[in-house]
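Given next are the chains, with one letter for each unit.
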Amino acid sequence: MGLRRSGKSSIQKVVFQKMSPNETLFLESTNKIVKEDISNSSFVQFQIWDFPGQIDFLDPSFDSDMIFGGCGALVFVIDAQDDYMDALNKLHLTVTKAYKVNQNVKFEVFIHKVDGLTEDSKMETQRDIHQRANDDLTDSGCEQIHLSFHLTSIYDHSIFEAFSKVVQKLIPQLPALENLLNIMISNSAIEKAFLFDVVSKIYIATDSSPVDMQSYELCCDMIDVVIDVSGIYGLQEEPEAPAFDNQSSSLIKLNNGTILYLREVNRFLAFVCILREDNFDRQGVIDYNFLCFREAIQQVFVNSIQPNEMACNGETS
Ligand code: GDP
(Lines give C-alpha, C1' and ligand atoms only; values in the text may rest on other atoms or scores of the structure.)
Protein backbone atom coordinates (compact mmCIF):
# COMPACT_ATOMS: atom_id res chain seq x y z
CA MET A 1 0.00 0.00 0.00
CA GLY A 2 0.96 3.62 -0.19
CA LEU A 3 0.00 6.95 -1.69
CA ARG A 4 -0.28 7.58 -5.42
CA ARG A 5 3.05 7.66 -7.24
CA SER A 6 4.98 6.34 -4.24
CA GLY A 7 6.44 3.59 -6.45
CA LYS A 8 4.36 0.49 -5.67
CA SER A 9 3.79 -0.72 -9.20
CA SER A 10 7.39 0.01 -10.13
CA ILE A 11 8.60 -2.21 -7.27
CA GLN A 12 6.33 -5.02 -8.35
CA LYS A 13 7.44 -4.81 -11.97
CA VAL A 14 11.16 -4.52 -11.22
CA VAL A 15 11.31 -7.30 -8.64
CA PHE A 16 8.90 -9.81 -10.11
CA GLN A 17 8.68 -9.02 -13.80
CA LYS A 18 12.27 -8.07 -14.66
CA MET A 19 11.28 -4.62 -15.87
CA SER A 20 14.27 -2.31 -16.04
CA PRO A 21 13.97 0.62 -13.59
CA ASN A 22 13.96 3.25 -16.35
CA GLU A 23 10.92 1.71 -17.99
CA THR A 24 8.83 2.35 -14.87
CA LEU A 25 8.66 5.99 -15.89
CA PHE A 26 6.06 4.95 -18.46
CA LEU A 27 3.82 2.77 -16.26
CA GLU A 28 0.13 3.27 -16.90
CA SER A 29 -2.23 4.14 -14.12
CA THR A 30 -4.74 1.63 -12.74
CA ASN A 31 -7.63 2.12 -10.35
CA LYS A 32 -8.45 -1.38 -9.34
CA ILE A 33 -7.05 -4.06 -7.06
CA VAL A 34 -4.59 -6.08 -9.06
CA LYS A 35 -3.81 -9.48 -7.63
CA GLU A 36 -0.52 -10.60 -8.97
CA ASP A 37 -0.10 -14.31 -8.48
CA ILE A 38 3.50 -15.28 -8.92
CA SER A 39 3.20 -18.76 -7.45
CA ASN A 40 3.83 -20.61 -10.72
CA SER A 41 7.25 -19.25 -11.39
CA SER A 42 8.68 -18.61 -7.97
CA PHE A 43 9.41 -20.59 -4.82
CA VAL A 44 7.90 -17.77 -2.84
CA GLN A 45 4.21 -18.17 -3.20
CA PHE A 46 2.18 -15.10 -2.60
CA GLN A 47 -0.06 -12.55 -4.16
CA ILE A 48 0.65 -8.91 -4.66
CA TRP A 49 -2.41 -6.76 -4.34
CA ASP A 50 -2.24 -3.48 -6.10
CA PHE A 51 -5.00 -1.23 -4.81
CA PRO A 52 -5.94 2.38 -5.38
CA GLY A 53 -3.97 4.64 -3.04
CA GLN A 54 -6.93 6.48 -1.65
CA ILE A 55 -8.91 3.63 -0.10
CA ASP A 56 -11.63 4.75 2.23
CA PHE A 57 -11.64 2.26 5.11
CA LEU A 58 -15.05 3.47 6.24
CA ASP A 59 -16.58 2.58 2.92
CA PRO A 60 -18.72 -0.54 3.55
CA SER A 61 -17.64 -2.02 0.23
CA PHE A 62 -14.08 -2.29 1.56
CA ASP A 63 -13.91 -5.78 3.00
CA SER A 64 -11.04 -5.49 5.46
CA ASP A 65 -11.60 -9.01 6.87
CA MET A 66 -11.06 -10.48 3.46
CA ILE A 67 -8.12 -8.22 2.66
CA PHE A 68 -6.16 -8.37 5.90
CA GLY A 69 -7.40 -11.72 7.23
CA GLY A 70 -5.11 -13.86 5.08
CA CYS A 71 -2.31 -11.35 4.80
CA GLY A 72 1.22 -12.34 5.95
CA ALA A 73 3.02 -9.04 5.44
CA LEU A 74 1.79 -5.61 4.54
CA VAL A 75 4.31 -3.51 2.68
CA PHE A 76 3.69 0.23 2.93
CA VAL A 77 5.65 2.37 0.47
CA ILE A 78 6.55 5.98 1.34
CA ASP A 79 8.12 8.29 -1.26
CA ALA A 80 11.16 9.73 0.56
CA GLN A 81 11.65 12.40 -2.10
CA ASP A 82 8.27 13.92 -1.39
CA ASP A 83 6.55 15.47 1.62
CA TYR A 84 5.60 12.39 3.63
CA MET A 85 3.13 13.78 6.20
CA ASP A 86 0.10 12.47 4.29
CA ALA A 87 1.76 9.14 3.81
CA LEU A 88 2.38 8.86 7.56
CA ASN A 89 -1.30 9.51 8.31
CA LYS A 90 -2.27 6.87 5.81
CA LEU A 91 0.26 4.43 7.25
CA HIS A 92 -1.19 4.93 10.71
CA LEU A 93 -4.77 4.39 9.53
CA THR A 94 -3.80 1.30 7.56
CA VAL A 95 -1.77 -0.50 10.21
CA THR A 96 -4.27 0.11 12.99
CA LYS A 97 -7.09 -1.13 10.78
CA ALA A 98 -5.15 -4.19 9.62
CA TYR A 99 -4.00 -5.03 13.16
CA LYS A 100 -7.60 -5.06 14.39
CA VAL A 101 -8.44 -7.70 11.80
CA ASN A 102 -5.25 -9.75 11.98
CA GLN A 103 -2.61 -9.43 14.72
CA ASN A 104 -0.14 -11.62 12.85
CA VAL A 105 0.43 -9.26 9.94
CA LYS A 106 4.06 -8.12 9.65
CA PHE A 107 4.19 -4.39 8.91
CA GLU A 108 7.03 -3.39 6.59
CA VAL A 109 7.60 0.25 5.72
CA PHE A 110 9.65 0.89 2.57
CA ILE A 111 11.18 4.37 2.69
CA HIS A 112 11.45 4.45 -1.07
CA LYS A 113 13.24 6.37 -3.87
CA VAL A 114 16.24 7.01 -1.60
CA ASP A 115 18.49 7.08 -4.68
CA GLY A 116 17.68 10.81 -4.78
CA LEU A 117 18.97 11.46 -1.24
CA THR A 118 22.47 11.97 0.15
CA GLU A 119 23.78 9.50 2.76
CA ASP A 120 23.09 12.01 5.54
CA SER A 121 19.57 12.81 4.47
CA LYS A 122 18.79 9.09 4.06
CA MET A 123 19.62 8.54 7.72
CA GLU A 124 17.80 11.68 8.80
CA THR A 125 14.67 10.75 6.79
CA GLN A 126 14.66 7.25 8.21
CA ARG A 127 15.05 8.54 11.76
CA ASP A 128 12.29 11.10 11.28
CA ILE A 129 9.81 8.68 9.69
CA HIS A 130 10.58 6.03 12.31
CA GLN A 131 10.06 8.52 15.13
CA ARG A 132 6.84 10.03 13.79
CA ALA A 133 5.24 6.70 12.86
CA ASN A 134 5.97 5.23 16.29
CA ASP A 135 4.86 8.41 18.08
CA ASP A 136 1.52 8.21 16.24
CA LEU A 137 1.10 4.62 17.40
CA THR A 138 1.99 5.45 21.00
CA ASP A 139 -0.35 8.46 21.06
CA SER A 140 -3.26 6.27 20.00
CA GLY A 141 -2.43 3.51 22.51
CA CYS A 142 -1.23 1.05 19.84
CA GLU A 143 2.40 0.69 20.93
CA GLN A 144 2.12 -3.10 20.60
CA ILE A 145 2.13 -2.71 16.80
CA HIS A 146 5.65 -3.24 15.48
CA LEU A 147 6.82 -1.55 12.28
CA SER A 148 10.01 -2.52 10.40
CA PHE A 149 11.72 0.05 8.18
CA HIS A 150 13.80 -0.44 5.02
CA LEU A 151 15.54 2.14 2.81
CA THR A 152 14.80 1.17 -0.80
CA SER A 153 15.28 2.15 -4.41
CA ILE A 154 14.56 0.34 -7.65
CA TYR A 155 17.81 1.72 -9.08
CA ASP A 156 20.03 -0.54 -6.98
CA HIS A 157 19.83 -3.85 -5.11
CA SER A 158 18.25 -2.37 -1.99
CA ILE A 159 14.73 -3.25 -3.14
CA PHE A 160 15.70 -6.93 -3.58
CA GLU A 161 17.44 -6.96 -0.23
CA ALA A 162 14.40 -5.41 1.50
CA PHE A 163 12.03 -7.91 -0.14
CA SER A 164 14.36 -10.71 0.94
CA LYS A 165 14.02 -9.61 4.57
CA VAL A 166 10.23 -9.37 4.23
CA VAL A 167 9.89 -12.81 2.66
CA GLN A 168 12.26 -14.44 5.16
CA LYS A 169 9.96 -13.47 8.03
CA LEU A 170 7.20 -15.48 6.35
CA ILE A 171 9.19 -18.69 5.97
CA PRO A 172 8.63 -20.93 8.98
CA GLN A 173 11.59 -23.14 8.06
CA LEU A 174 14.07 -20.24 8.06
CA PRO A 175 16.08 -21.37 11.12
CA ALA A 176 16.51 -24.85 9.62
CA LEU A 177 17.65 -23.38 6.29
CA GLU A 178 20.15 -21.06 8.00
CA ASN A 179 21.48 -23.92 10.04
CA LEU A 180 22.01 -26.05 6.93
CA LEU A 181 23.80 -23.17 5.20
CA ASN A 182 26.05 -22.72 8.25
CA ILE A 183 26.96 -26.41 8.23
CA MET A 184 27.54 -26.31 4.48
CA ILE A 185 29.91 -23.34 4.53
CA SER A 186 31.92 -24.41 7.55
CA ASN A 187 32.58 -27.86 6.06
CA SER A 188 33.42 -26.55 2.60
CA ALA A 189 35.61 -23.49 3.40
CA ILE A 190 33.06 -21.18 1.80
CA GLU A 191 33.01 -17.49 2.78
CA LYS A 192 29.36 -16.67 2.18
CA ALA A 193 26.35 -18.58 0.81
CA PHE A 194 22.83 -17.65 -0.23
CA LEU A 195 19.74 -19.62 -1.14
CA PHE A 196 18.08 -17.64 -3.91
CA ASP A 197 14.65 -17.65 -5.44
CA VAL A 198 15.91 -17.54 -9.01
CA VAL A 199 13.02 -15.67 -10.63
CA SER A 200 12.93 -12.74 -8.22
CA LYS A 201 16.56 -12.78 -6.97
CA ILE A 202 15.17 -12.62 -3.46
CA TYR A 203 17.39 -14.59 -1.09
CA ILE A 204 15.25 -16.70 1.13
CA ALA A 205 18.11 -17.61 3.49
CA THR A 206 21.80 -17.05 4.07
CA ASP A 207 24.38 -18.28 6.58
CA SER A 208 24.72 -16.31 9.78
CA SER A 209 27.80 -14.24 8.82
CA PRO A 210 26.84 -10.63 8.03
CA VAL A 211 25.58 -9.83 4.52
CA ASP A 212 27.62 -7.22 2.73
CA MET A 213 25.87 -5.53 -0.17
CA GLN A 214 28.72 -6.17 -2.59
CA SER A 215 28.61 -9.96 -2.15
CA TYR A 216 24.87 -9.95 -2.53
CA GLU A 217 25.09 -7.88 -5.72
CA LEU A 218 27.73 -10.18 -7.18
CA CYS A 219 25.52 -13.20 -6.54
CA CYS A 220 22.48 -11.45 -8.07
CA ASP A 221 24.52 -10.57 -11.15
CA MET A 222 25.67 -14.13 -11.44
CA ILE A 223 22.08 -15.38 -11.50
CA ASP A 224 21.32 -12.95 -14.33
CA VAL A 225 24.31 -14.20 -16.30
CA VAL A 226 23.39 -17.86 -15.78
CA ILE A 227 19.74 -17.34 -16.72
CA ASP A 228 20.63 -15.30 -19.80
CA VAL A 229 23.26 -17.73 -21.05
CA SER A 230 21.02 -20.76 -20.35
CA GLY A 231 18.13 -19.05 -22.11
CA ILE A 232 20.22 -18.52 -25.23
CA TYR A 233 22.42 -21.62 -25.31
CA GLY A 234 20.69 -24.03 -22.89
CA LEU A 235 19.79 -27.40 -24.38
CA GLN A 236 16.03 -27.73 -24.49
CA GLU A 237 14.77 -31.14 -25.44
CA GLU A 238 11.18 -30.14 -24.81
CA PRO A 239 10.17 -26.77 -26.22
CA GLU A 240 8.58 -25.62 -22.94
CA ALA A 241 11.38 -26.88 -20.68
CA PRO A 242 12.83 -24.18 -18.46
CA ALA A 243 16.37 -23.03 -19.16
CA PHE A 244 17.15 -23.42 -15.46
CA ASP A 245 16.93 -27.09 -14.49
CA ASN A 246 18.41 -29.62 -12.07
CA GLN A 247 21.67 -29.81 -14.00
CA SER A 248 22.28 -26.08 -13.84
CA SER A 249 25.54 -24.97 -12.33
CA SER A 250 28.08 -22.29 -12.98
CA LEU A 251 31.50 -21.20 -11.84
CA ILE A 252 32.93 -17.72 -12.28
CA LYS A 253 36.52 -16.85 -11.34
CA LEU A 254 37.03 -13.22 -10.38
CA ASN A 255 40.35 -11.45 -10.78
CA ASN A 256 40.80 -11.05 -7.01
CA GLY A 257 41.31 -14.74 -6.28
CA THR A 258 37.65 -15.34 -5.46
CA ILE A 259 35.20 -17.78 -7.00
CA LEU A 260 31.45 -17.54 -7.42
CA TYR A 261 29.82 -20.96 -7.54
CA LEU A 262 26.17 -21.63 -8.33
CA ARG A 263 24.28 -24.92 -8.09
CA GLU A 264 20.63 -25.59 -8.73
CA VAL A 265 18.71 -26.82 -5.67
CA ASN A 266 15.28 -27.29 -7.22
CA ARG A 267 13.12 -25.71 -9.90
CA PHE A 268 12.91 -22.41 -8.02
CA LEU A 269 15.97 -22.28 -5.81
CA ALA A 270 19.67 -21.86 -6.42
CA PHE A 271 22.58 -22.12 -4.01
CA VAL A 272 25.11 -19.38 -4.73
CA CYS A 273 28.33 -19.00 -2.78
CA ILE A 274 31.58 -17.05 -2.65
CA LEU A 275 34.86 -18.72 -1.76
CA ARG A 276 38.61 -18.26 -2.13
CA GLU A 277 40.13 -19.83 -5.21
CA ASP A 278 42.65 -21.82 -3.10
CA ASN A 279 39.82 -23.51 -1.26
CA PHE A 280 38.22 -24.62 -4.50
CA ASP A 281 41.04 -27.17 -4.98
CA ARG A 282 38.85 -29.56 -3.12
CA GLN A 283 35.87 -29.19 -5.44
CA GLY A 284 34.97 -32.86 -4.94
CA VAL A 285 34.36 -32.26 -1.24
CA ILE A 286 32.29 -29.15 -1.95
CA ASP A 287 30.20 -31.00 -4.52
CA TYR A 288 29.69 -33.94 -2.20
CA ASN A 289 28.67 -31.61 0.63
CA PHE A 290 26.32 -29.84 -1.74
CA LEU A 291 24.51 -33.09 -2.57
CA CYS A 292 23.99 -33.73 1.15
CA PHE A 293 22.83 -30.13 1.55
CA ARG A 294 20.36 -30.43 -1.35
CA GLU A 295 18.97 -33.65 0.07
CA ALA A 296 18.51 -31.98 3.48
CA ILE A 297 16.76 -28.98 1.93
CA GLN A 298 14.36 -31.31 0.19
CA GLN A 299 13.59 -32.98 3.49
CA VAL A 300 12.95 -29.62 5.13
CA PHE A 301 10.31 -28.93 2.50
CA VAL A 302 8.77 -32.40 2.48
CA ASN A 303 5.77 -31.08 4.34
CA SER A 304 5.75 -28.27 1.87
CA ILE A 305 4.93 -24.74 3.01
CA GLN A 306 1.43 -23.54 2.78
CA PRO A 307 1.42 -20.60 0.41
CA ASN A 308 2.16 -17.49 2.40
CA GLU A 309 0.06 -14.60 1.38
CA MET A 310 1.57 -11.21 1.31
CA ALA A 311 -0.26 -8.10 0.33
CA CYS A 312 1.54 -5.27 -1.35
CA ASN A 313 -1.18 -2.93 -2.30
CA GLY A 314 -0.96 0.08 -4.42
CA GLU A 315 -2.22 2.14 -7.19
CA THR A 316 -0.41 2.35 -10.44
CA SER A 317 -0.35 5.90 -11.54
P1 GDP B 1 2.50 3.90 -7.75
O2 GDP B 1 1.42 4.88 -8.06
O3 GDP B 1 2.76 3.84 -6.29
O4 GDP B 1 2.28 2.54 -8.33
O5 GDP B 1 3.83 4.50 -8.38
P6 GDP B 1 4.58 4.11 -9.73
O7 GDP B 1 5.14 2.75 -9.61
O8 GDP B 1 3.70 4.40 -10.90
O9 GDP B 1 5.80 5.13 -9.68
C10 GDP B 1 5.65 6.51 -9.75
C11 GDP B 1 6.93 7.12 -10.29
O12 GDP B 1 8.00 6.92 -9.36
C13 GDP B 1 7.40 6.52 -11.60
O14 GDP B 1 7.76 7.58 -12.46
C15 GDP B 1 8.63 5.70 -11.23
O16 GDP B 1 9.59 5.68 -12.28
C17 GDP B 1 9.15 6.46 -10.03
N18 GDP B 1 9.91 5.57 -9.10
C19 GDP B 1 9.52 4.38 -8.60
N20 GDP B 1 10.48 3.85 -7.81
C21 GDP B 1 11.50 4.75 -7.81
C22 GDP B 1 12.80 4.80 -7.16
O23 GDP B 1 13.23 3.88 -6.43
N24 GDP B 1 13.56 5.90 -7.38
C25 GDP B 1 13.15 6.91 -8.18
N26 GDP B 1 13.98 7.96 -8.33
N27 GDP B 1 11.95 6.91 -8.80
C28 GDP B 1 11.14 5.85 -8.63
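Residues numbered from 1 in each chain as written. Predicted model: local features only at pLDDT ≥ 70, side-chain atom pairs only at ≥ 80, totals over all residues. Heavy atoms only, no water.

1. Quick look at the domain arrangement of the protein chain
Examined at the domain level, the protein chain breaks down into domain 1 (8–169) and domain 2 (173–304). If you look at the interface, domain 1 gives 17 residues, while domain 2 gives 19 residues. When the two sides are added together, the surface that domain 1 and domain 2 hide from each other amounts to roughly 1,700 Å², 64% of it contributed by carbon and sulfur. Joining domain 1 to domain 2, the criterion identifies zero salt bridges. At the boundary of domain 1 and domain 2, one finds four residue pairs in polar contact (both at pLDDT 80 or more). Mapped onto the side of domain 1 that touches domain 2, the elements with two or more residues apiece are helix H1 (8–17) and helix H5 (158–168). (Domains from an automatic or database assignment. Contact = heavy atoms within 4.5 Å. Buried area = accessible area lost by both parts, 1.4 Å probe. Salt bridge = Lys/Arg side-chain N within 4 Å of Asp/Glu carboxyl O. Polar contact = N/O pair within 3.5 Å; in protein donor to acceptor, adjacent residues only side chain to side chain. Helix = DSSP H or I, 4+ residues; strand = E, 2+ residues; numbered from the N terminus.)

2. A word on the pairing of strand E8 (residues 249–253)
Note that E8 and strand E9 (residues 258–264) share five bridges and pair antiparallel. Among the inter-strand pairings, Ser-249 is bridged to a residue of E9, identified as Arg-263. What sits between the antiparallel neighbours E8 and E9 is a turn of four residues, in which Gly-257 has the positive phi angle 80°. (Pairing = 2+ DSSP bridges.)

3. A look at the sheet that holds strand E3 (residues 73–79)
In a beta sheet, neighbouring strands pair by backbone hydrogen bonds and run either parallel or antiparallel. Pairing within the open sheet is parallel, and its three strands lie in the order E3-E4-E5. A single partner strand is all that each edge strand has here, and the edge strands are E3 and strand E5 (147–151). Going from strand to strand, the sheet's axes swing by 25° on average, the running direction of each strand aside. Bridge analysis of strand E4 (residues 106–112) against E5 gives five bridges, and the strand direction is parallel. Bridging across to E5, Val-109 finds its partner in Phe-149. (Axes fitted to C-alpha atoms, helices over the stretch in contact; angles between N-to-C directions.)

4. Let's talk about the sheet that holds strand E7 (residues 202–206)
Reading across from one edge, E7-E6-E10-E9-E8 is the order of the five strands in this open sheet, with antiparallel pairing throughout. Where the open sheet ends on each side, the last strands, each with one partner, are E7 and E8. Averaged over all adjacent pairs, the angle separating strand axes in this sheet is 20°, with direction ignored. Contacts between helix H7 (residues 213–233) and the sheet are confined to strand E6 (192–197), E7, E8, E9 and strand E10 (269–276), with E6 contributing the most and set at about 50° to the helix. Across the sheet, helix H8 (residues 283–300) is in contact with E6, E9 and E10; its angle to E9 comes to roughly 40°.

5. A few points about the side chain of Gln-168
Counting through the fold element by element, Gln-168 comes out in helix H5. Separated by 2.8 Å, the side chain of Gln-168 and the backbone oxygen of Tyr-203 make a polar contact.

6. With respect to the pairing of E6
The buried fraction of E6 amounts to six of the six residues, a majority that puts the element mostly inside the structure. Neither face of E6 is exposed, since Lys-192, Phe-194 and Phe-196 on one face and Ala-193, Leu-195 and Asp-197 on the opposite face are all buried. Of the pairings in the sheet, the one linking E6 to E10 comprises six bridges and is antiparallel in character. The residue of E10 that forms the bridge with Phe-196 is Ala-270. Connecting the antiparallel pair E6 and E7 is a turn made up of four residues, with Lys-201 showing a positive phi of about 60°. (Buried < 20%, exposed > 50% of the residue type's maximum accessible area, 1.4 Å probe, protein only.)

7. Considerations on the packing of aromatic side chains
Taken as a whole, this structure holds 12 aromatic pairs when the rule is applied. Judged by centre distance (5.4 Å) and plane angle (90°), the rings of Phe-16 and Phe-163 are edge-to-face. Of this pair, Phe-16 sits in helix H1 while Phe-163 sits in helix H5; the two residues are 147 residues apart in sequence, bridging distant segments of the chain. Assigned by exposure class, Phe-16 and Phe-163 land together as buried. Taken together, a centroid distance of 6.5 Å and an interplanar angle of 70° make the contact between Phe-196 and Tyr-203 edge-to-face. Classification of Phe-196 as buried rests on a relative accessible area of 0%. (Phe/Tyr/Trp six-rings, centres within 6.5 Å; stacked < 30°, edge-to-face > 60°.)

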